[in-house]
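# Inside the fold
Residue-level listing of the chains:
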Amino acid sequence: MIDLAMHMMDIVQNSLRAGAGRIDIDIIENSAGHTLLFRVKDDGCGMDGETMKKLDDPFFSTRTTRKIGLGVPFLKMTCEQAGGTLKVFSEEGAGSIVEAVYRTDHPDCLPLGDMGGYLALLLRANPEVRFRFICRIDEAGFLLDSDELKEQGIELQYPQMLGAVREYIRENLRGVYDKQASHGFLCM
């Protein structure tokens, strides 16, 4: 994975396979502490203790289509390479939380990537799921809630809306990072 957007897409796909009806995605940067928290929280089926023990094994997967699961091991590798840590919390029947912490002052900290593009695709492909995305650097932030988009009459099933929502997300992310230009690390 070359950026956080790709990791986000991979971890969110796990949440979708777990039957999540709500997925929260947080990217929270603390410029003074030089840390970035990347978190995905879902209300899916969760994992039992045995599955949790095998999460960082690349030759383990709950999928039946293949026996290799590289998403969590790659996420662990990239955050540890950037001086960070990975924690996974889960309870069977109660969902999961994946938290990766990166050191933003480390040269191996990943760029944000095309978060707007990936989020727009997730929203369009999964209209039955409530997505809440928060990106914050210190006090500057942006919140996207798919239920609020629906309440405003924005139907992502129309192809022309996909591009508009993608640009809306990108513009707001640029706004967050522009406000913190002297401190923010992530590249857009």
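Residues numbered from 1 in each chain as written. Predicted model: local features only at pLDDT ≥ 70, side-chain atom pairs only at ≥ 80, totals over all residues. Heavy atoms only, no water.

## Quick word on unusual backbone geometry
- Positive phi outside glycine occurs at His34, with the angle close to 55 degrees.
- Position of His34 relative to the elements: it lies in the loop between strand S1 (22-30) and strand S2 (35-42).
- The exposure class assigned to His34 is partly exposed, which follows from its relative accessible area of 34%.
- At Asp138, a position not held by glycine, the phi torsion is positive, near 50 degrees.
- Within the secondary structure layout, Asp138 lies in the loop between strand S5 (130-137) and strand S6 (140-145).
- With relative accessibility at 24%, the residue Asp138 sits in the partly exposed group. (Helix = DSSP H or I, 4+ residues; strand = E, 2+ residues; numbered from the N terminus. Buried < 20%, exposed > 50% of the residue type's maximum accessible area, 1.4 Å probe, protein only.)

## Quick notes on the packing of aromatic side chains
- According to the stated counting rule, one finds two aromatic pairs in the structure shown.
- Seen in terms of ring centroids, Phe133 and Phe142 are 6.3 Å apart; in terms of plane orientation they differ by 65 degrees. Their pairing is edge-to-face.
- Residue classification places Phe133 among the buried residues on the basis of a relative accessible area of 1%.
- When its relative accessible area of 5% is taken as the criterion, Phe142 is described as buried.
- Put simply, the rings of Phe133, Phe142 and Tyr168 pair up and form one aromatic cluster. (Phe/Tyr/Trp six-rings, centres within 6.5 Å; stacked < 30°, edge-to-face > 60°.)

## A look at the pairing of S5
- Burial of the side chains of S5 is restricted to one face: Phe131, Phe133, Cys135 and Ile137 are buried, whereas none of Arg130, Arg132, Ile134 and Arg136 on the reverse face is.
- Inspection of the sheet shows S1 paired to S5 by eight bridges, in the parallel sense. When the bridges of S5 are listed, Ile23 appears paired with Phe131.
- Summarising the sheet, S5 and S6 pair through six bridges and their orientation is antiparallel. Across the sheet, Cys135 pairs through a bridge with Phe142, a residue of S6.
- Linking S5 to S6, which pair antiparallel, is a turn of two residues; within it Asp138 sits at a positive phi near 50 degrees. (Pairing = 2+ DSSP bridges.)

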